Amino acid sequence: MRRVVAATTALVLAAGPAFAEPLQELGEAEGEVDIVAWPGYIERGESDAAYDWVTAFEKETGCKVNVKTAGTSDEMVALMNEGGFDLVTASGDASLRLIAGGRVQEINTALIPSWDSLDDRLKDAPWHTVEGKHYGVPYQWGPNVLAYNTDVFKDSPPDSWNVVFEEQDLPDGKTNKGRVQAFDGPIYIADAALYLMSTKPELGIKDPYELNEDQYKAALELLREQRKLVNRYWHDAFVQIDDFTNEGVAASSSWPFQVNLLKSENQPIESVIPKEGATGWADTTMMHSGAAHPTCAYKWLEHSIDKKVQGDVAAWFGANPSVPAACEGNELLGDKGCETNGFGKFDEIHFWRTPRAECDSQESCVPYYRWVSDYIAVLGGR
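Before going into details, it helps to say that this report is about the structure given with it. What you see is a predicted model; the values in this text were computed from it and never measured. (Residues numbered from 1 in each chain as written. Predicted model: local features only at pLDDT ≥ 70, side-chain atom pairs only at ≥ 80, totals over all residues. Heavy atoms only, no water.)

1. Some details on empty space enclosed by the protein
Now for step 1: For the structure shown, the criterion picks out four cavities of 30 Å³ or more.
Now for step 2: Tallied by class, the residues present in the lining of the largest cavity amount to six nonpolar, four polar and one charged. (1 Å grid on protein atoms, 1.4 Å probe; cavity = no way out; pocket = protein on both sides within 12 Å on 5 of 7 lines; lining within 4 Å. Points joined across faces, edges and corners; volume = space filled by probe spheres on them. Nonpolar A, V, L, I, M, F, W, Y, C, P; charged D, E, K, R; others polar.)

Here's what the structure looks like:
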């Protein structure tokens, strides 16, 4: 049902949404704020006492933070469509859908004192800025990495996505069949397209989110072949952590979050951005157009880009802060944390974006609603 709702939402991208004026001044705090977030994005010290950017906020503002985690962008869109939430940490493959559908409201940056501290590369990013208006506050960003088991790859670490897309024997002498995973979300079609940009240049793919019919067909064919190798399509970060630990997974697309947690548990895991490049996410905290707790929501938006909070989140998730100053002087992130997490590789990442029929690289492209239905078919072996 969630994917069907998301597909329906994608259809409204061609229509222009109507919005009320953004909030002009803060009122009295309402006592709580309800947030849809990626796992690991909003921590109150329950997983590790050192990582807590909720408790102090609650004490300072009187706004209790309620969090609903979501494993895919489509799930986030569905939850925002259902309502009952104030904020969402939306990736670029959800944010424009939320804007087009009228589900989020314009942000009054004058009510966010720390706005000017944001990374200039993100302030006006096209996934949250429409006609010069901001519909969210940048939060964190990073790449989708290739995670791999070092016991399997020994002294020959992978440097290509081919280990998850093409059947082959791995360095431990065993096949990769049944030992790799792929992301359980239609946007993963872009990962296949990115791989084909390098391996089949004759297709002429210039943007993995802008595919004509032939390019799209080739990506689906690659994914159908990959289906024969995959032991699970993951969307729950913690399930993937368990699979790497206990189920013999050798390699998979992943987030630095899982890799960092596995390494902290002394598991034989490393990650790499392969030679073909990587897709990635630049997440924006967006406010529901019908937010029931707007003052607490604005207080959280300001808190979310606090220098220490940004550094702590980046350290915990293995991400990059949207506030460059957070890269320095953070005890948890360390002096080399941003460098390790790829802060300087911003221009090398193909950030998630909602595919649209109207595209820049060619005359027309396959729109997202088809990505949704066709990826469901791939998962079902069709």
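2. Observations concerning the pattern of salt bridges
Now for step 1: This model, assessed by the stated rule, comprises 13 salt bridges.
Now for step 2: Between Arg-44 and Glu-58 there is a salt bridge, and its shortest N-O distance comes to 2.8 Å. Separated by 14 residues along the polypeptide, Arg-44 in the loop between strand E1 (32-37) and helix H2 (55-61) and Glu-58 in helix H2 bring together distant segments of the chain.
Now for step 3: A relative accessible area of 18% means that Glu-58 is categorised as buried.
Now for step 4: Here Arg-232 and Asp-243 are joined by a salt bridge, their closest N and O atoms 2.5 Å apart. (Salt bridge = Lys/Arg side-chain N within 4 Å of Asp/Glu carboxyl O. Helix = DSSP H or I, 4+ residues; strand = E, 2+ residues; numbered from the N terminus. Buried < 20%, exposed > 50% of the residue type's maximum accessible area, 1.4 Å probe, protein only.)

3. Quick notes on the pairing of strand E3 (residues 87-90)
Now for step 1: Covered by surrounding structure in E3 are Leu-87 and Thr-89 together with Val-88 and Ala-90, the residues of both alternating faces.
Now for step 2: Strand direction decides the pairing type here: E1 and E3, joined by two bridges, are parallel. What sits directly across from Ile-35, in E3, is Leu-87.
Now for step 3: Taken together, the four bridges between E3 and strand E12 (residues 278-287) define a ladder with antiparallel strand orientation. Bridge pairing in E12 places Thr-89 opposite Thr-285. (Pairing = 2+ DSSP bridges.)

4. Some thoughts on the environment of Asp-159
Now for step 1: One can find Asp-159 in the loop between helix H6 (150-153) and helix H7 (162-165).
Now for step 2: On the basis of relative accessible area, Asp-159 is assigned to the partly exposed category, the value being 46%.
Now for step 3: On a C-alpha basis, the gap between Asp-159 and Cys-359 in space is 31 Å, while along the polypeptide they are 200 residues apart.
Now for step 4: Excluding its chain neighbours within four sequence positions, the residues that come into contact with Asp-159 are Pro-274, Lys-275 and Glu-276. (Contact = heavy atoms within 4.5 Å.)

5. Considerations on the state of the cysteines
Now for step 1: Applying the stated rule across the entire model yields three disulfides.
Now for step 2: With its sulfur 2.0 Å from that of its partner, Cys-63 forms a disulfide with Cys-296. In this structure, the disulfide formed by Cys-63 and Cys-296 twists by about -80° around the S-S bond and is classed as left-handed. Taken together, the residues Cys-63 in the loop between H2 and strand E2 (64-69) and Cys-296 in helix H12 (residues 294-304) connect sequence positions 233 residues apart. Comparing Cys-63 with Cys-296 shows no difference in burial state: the two are buried.
Now for step 3: Taken N- to C-terminal, the disulfide-bonded cysteines of the protein are connected 1-2, 3-4, 5-6. (Disulfide = S-S within 2.5 Å.)

6. Side note on helix H15 (residues 368-379)
Now for step 1: Taking 1.5 Å as the rise per residue, H15 with twelve residues should run 16 Å; its terminal C-alpha atoms sit 17 Å apart, in good agreement.
Now for step 2: Buried residues of H15: Tyr-368, Trp-371, Val-372, Tyr-375, Ala-377, Val-378 and Leu-379, and no others.
Now for step 3: Of the residues flanking the end of H15, it is Gly-381, one or two places downstream, whose phi is positive at about 80°. (Expected span 1.5 Å × (residues − 1).)

7. Some remarks on the sheet that holds strand E9 (residues 230-234)
Now for step 1: Taken together, the five strands give an open sheet; going across it, the order is E9-E8-E10-E7-E11, and neighbouring strands pair in mixed fashion. Each having just a single partner strand, E9 and strand E11 (269-272) make up the two edges of the open sheet. Neighbour-to-neighbour, the strand axes of the sheet open up by a mean angle of 25°, direction not taken into account.
Now for step 2: As defined by bridge partners, strand E7 (residues 145-149) adjoins E11 across four bridges and the pair is classed as antiparallel. Counterpart to Ala-147 in the pairing with E11 is Ser-271. (Axes fitted to C-alpha atoms, helices over the stretch in contact; angles between N-to-C directions.)

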